[in-house]
Amino acid sequence: MTPAVQSTQPRRSDATRAAILRAARERFAADGYERATIRAIAADAQIDPSMVMRYYGSKEGLFAAAAEFDLRLPDLTSVSPARLGEVLVRHFLARWEGDETLVALLRAASTNPGAAERMRGIFADQLTAAVATFNSDPALTARRAGLVASQVLGLAFTRYIVRLSPMVDATPDELVAWIAPTLQRYLTGTPPS
């Protein structure tokens, strides 16, 4: 075969990776992160479990690659600028409590570099785009989005991963009352000089 013909044919490893990801998405969706196993995913993909480990290194790495997560951020252009912090805190609490995928991704991100990269990408791309819709200074958009992410991820980590009692015991309304003013300042406040 000539090099041109070889480059247009898919490599066997690409097909194997695709089969693993397809099986992982289905298994994680059906069983959840905790109950899904590498052996079950490999059986679904009709490959040896060692191949899953070869390509993804760990269950966390596989989950990070397989996780397709949309933050489903609200359209902030229709939100009063004075309510941006409140709307985002309420939204994130609803997302974290309504979908175990993001909790599993956060858990994996704390120990797995691939999962951490996936989490960074989700928040950098989606949150920065949302903040850009109302922020008048493009130079500050990424900084504001990063500050919001630090607060939201800290909330999620303490409430859903570490399960710190004061955070777990707080109602969503209490958390909104405490955290929304901080997000509001990050989103609309004057930056320090």
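Being a predicted model, the structure only gives us computed values, none of them experimental. (Residues numbered from 1 in each chain as written. Predicted model: local features only at pLDDT ≥ 70, side-chain atom pairs only at ≥ 80, totals over all residues. Heavy atoms only, no water.)

Details of the overall build of the protein
Move 1: Helix and strand counts for the protein come out as eleven helices and zero strands.
Move 2: Each helix and strand of the protein, placed in order from N terminus to C terminus, yields the pattern α-α-α-α-α-α-α-α-α-α-α.
Move 3: Principal-axis analysis of the C-alpha atoms places the extent of the protein at approximately 60 × 45 × 30 Å.
Move 4: Considering only contacts within the protein whose residues lie at least 6 apart along the sequence, 66% involve residues at least 24 apart.
Move 5: Working note: accessible area of the protein is about 10,800 Å², and carbon and sulfur atoms make up 54% of it. (Helix = DSSP H or I, 4+ residues; strand = E, 2+ residues; numbered from the N terminus. Contact = heavy atoms within 4.5 Å. Areas by Shrake-Rupley, 256 points an atom, 1.4 Å probe, with all protein chains shown as cover.)

Some words on the nonpolar core
Move 1: The biggest cluster of nonpolar side chains holds 62 residues, and the ones touching the most others in it are Phe28, Leu62, Trp96 and Phe123.
Move 2: Element by element, the count of residues in this core is highest for helix α8 (residues 113–132), at eight residues.
Move 3: Discounting chain neighbours no more than four positions away, the residues touching tryptophan 96 are Leu102, Val103, Leu106, Phe123, Val152, Leu153, Ala156 and Tyr160. (Core = buried A, V, L, I, M, F, W, Y, C linked by side-chain atoms within 4.5 Å. Buried < 20%, exposed > 50% of the residue type's maximum accessible area, 1.4 Å probe, protein only.)

Points about the pattern of salt bridges
Move 1: Across all of its chains, the model carries six salt bridges by this definition.
Move 2: Between arginine 90 and glutamate 86 there is a salt bridge, with its nearest N and O atoms 3.4 Å apart. Taken together, the residues arginine 90 and glutamate 86, both in helix α6 (residues 84–98) and four residues apart, mark about one turn of the helix.
Move 3: Notably, a salt bridge pairs aspartate 173 with arginine 90, separated by 2.9 Å at the nearest N-O pair. Of this pair, aspartate 173 sits in helix α11 (residues 172–188) while arginine 90 sits in helix α6, and the two are 83 residues apart along the sequence. (Salt bridge = Lys/Arg side-chain N within 4 Å of Asp/Glu carboxyl O.)

Remarks on the side chain of threonine 141
Move 1: By the element assignment, threonine 141 lies in helix α9 (residues 138–161).
Move 2: A residue is classified by how much of its surface remains accessible, and threonine 141, at 7% relative accessible area, is buried.
Move 3: Residues in contact with threonine 141, not counting those within four places in the same chain, are Thr128, Val131, Ala132 and Asn135.

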